[in-house]
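Listed here are the chains, written in short residue letters.
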Amino acid sequence: MRRRFTILSLLVCIIAALALVSYGVYASLQQTFSVSNTIGFVASQDVYVALDCSISGSVQSNLTTPPSEYSSLEEYWNDIGVKHQVTFTEDMRGQNQNLSANPWIVRESLNFINGTTEIVYTIKVYNYSYKDLKVSFSSYVNDSQYIENEYSEPIIIDGYAQGEEASFKEVVLKTKVKDPAKGFKEEKNDFTLLFEVI
């Protein structure tokens, strides 16, 4: 009788341990991670640029069909800010392009695909300034308990020559989850790009 009780107790303990481990794995797989973004642009005088901005690695940027209220993925991405453009035309030259008045606002919190896939912000910068242009990150989130950012070193883009194609380069900011076991929602991930003629 005592032996049967010992075996039964051991089986109950094993089942309970397996249930706890399974719940822990399930809970970690069900974690959600999301960030909210406003990306600012600050430019010195005589800066003229076109920007082609995009986000990859988020649930929203990986959709294969648009949400029901949108006719295309492009329309959806442009509306929520997964894609953002700043244009330049020659009639803007001589005026302040005022990049700071046109921030890149992501209108929907971006969901990480999982705890190990990075969200990547890519900004392609076309230099229409007559001088070389330096592009760098002037601020970014570096004190969050949930996310960490890795960003491109400053880049130099050759100046624009009238009648030729504008030179361009890309800067990138990659955001990753610090601890995939800890979920979070709408963690602020704002950053600012600085444009300076040199």
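Our subject is the structure that appears above.
All of these numbers come straight from a predicted model, not from anything done at the bench. (Residues numbered from 1 in each chain as written. Predicted model: local features only at pLDDT ≥ 70, side-chain atom pairs only at ≥ 80, totals over all residues. Heavy atoms only, no water.)

Participant: When you look at the sheet that holds strand β3 (residues 83-86) in this model, what are you seeing that I'm missing?
Facilitator: Where strands meet in a sheet, backbone hydrogen bonds hold them as pairs that are either parallel or antiparallel. In space, the five strands of this open sheet follow the order β3-β2-β5-β9-β7, with antiparallel pairing throughout. Here the strands that pair on one side only, and so sit at the sheet edges, are β3 and β7 (147-151). Across the sheet, the axes of successive neighbouring strands diverge by a mean angle of 15°, strand direction being ignored. Where β7 meets strand β9 (residues 167-177), five bridges bridge the pair, whose relative direction is antiparallel. Each residue of the ladder has a partner; that of Ile 147, found in β9, is Val 177. (Pairing = 2+ DSSP bridges. Helix = DSSP H or I, 4+ residues; strand = E, 2+ residues; numbered from the N terminus. Axes fitted to C-alpha atoms, helices over the stretch in contact; angles between N-to-C directions.)

Participant: Help me out: how do you make sense of the environment of Gln 31 in this one?
Facilitator: Turning to its location among the elements, Gln 31 is positioned in the loop between α1 (2-29) and β1 (33-43). The class for Gln 31 is partly exposed, based on a relative accessible area of 27%. Gln 31 sits 153 residues away from Phe 184 along the chain, and the two C-alpha atoms are 8.0 Å apart. Contact partners of Gln 31, with chain neighbours within four places excluded, come to Pro 180, Ala 181, Lys 182 and Gly 183. Engagement of the side chain of Gln 31 in a polar contact is seen with the backbone nitrogen of Gly 183, the distance being 3.0 Å. (Buried < 20%, exposed > 50% of the residue type's maximum accessible area, 1.4 Å probe, protein only. Contact = heavy atoms within 4.5 Å. Polar contact = N/O pair within 3.5 Å; in protein donor to acceptor, adjacent residues only side chain to side chain.)

Participant: Explain the pattern of salt bridges here, please?
Facilitator: Summed over all chains, the structure comprises two salt bridges. The residue Glu 74 makes a salt bridge to Lys 83 at a minimum N-O spacing of 3.2 Å. For Glu 74, a relative accessible area of 39% gives the class partly exposed. Here Lys 83 falls in the partly exposed class, since its relative accessible area comes to 30%. Notably, a salt bridge pairs Arg 93 with Glu 90, separated by 2.9 Å at the nearest N-O pair. (Salt bridge = Lys/Arg side-chain N within 4 Å of Asp/Glu carboxyl O.)

Participant: For this particular structure, what's the right way to read the side chain of Asn 127?
Facilitator: Looking at the secondary structure, you find Asn 127 in strand β5 (residues 119-127). Looking at Asn 127, the relative accessible area reads 0%, which means it is buried. In this structure the side chain of Asn 127 is engaged in a polar contact, spanning 2.8 Å, whose partner is the backbone nitrogen of Ser 129. In terms of polar contacts, Asn 127 uses its side chain to reach the backbone carbonyl oxygen of Asp 158, at 3.0 Å. In this view, Asn 127 contacts Tyr 48, Asp 132, Leu 133, Ile 157, Asp 158, Gly 159, Tyr 160, Ala 166 and Ser 167; residues no more than four positions away in its chain are not counted.

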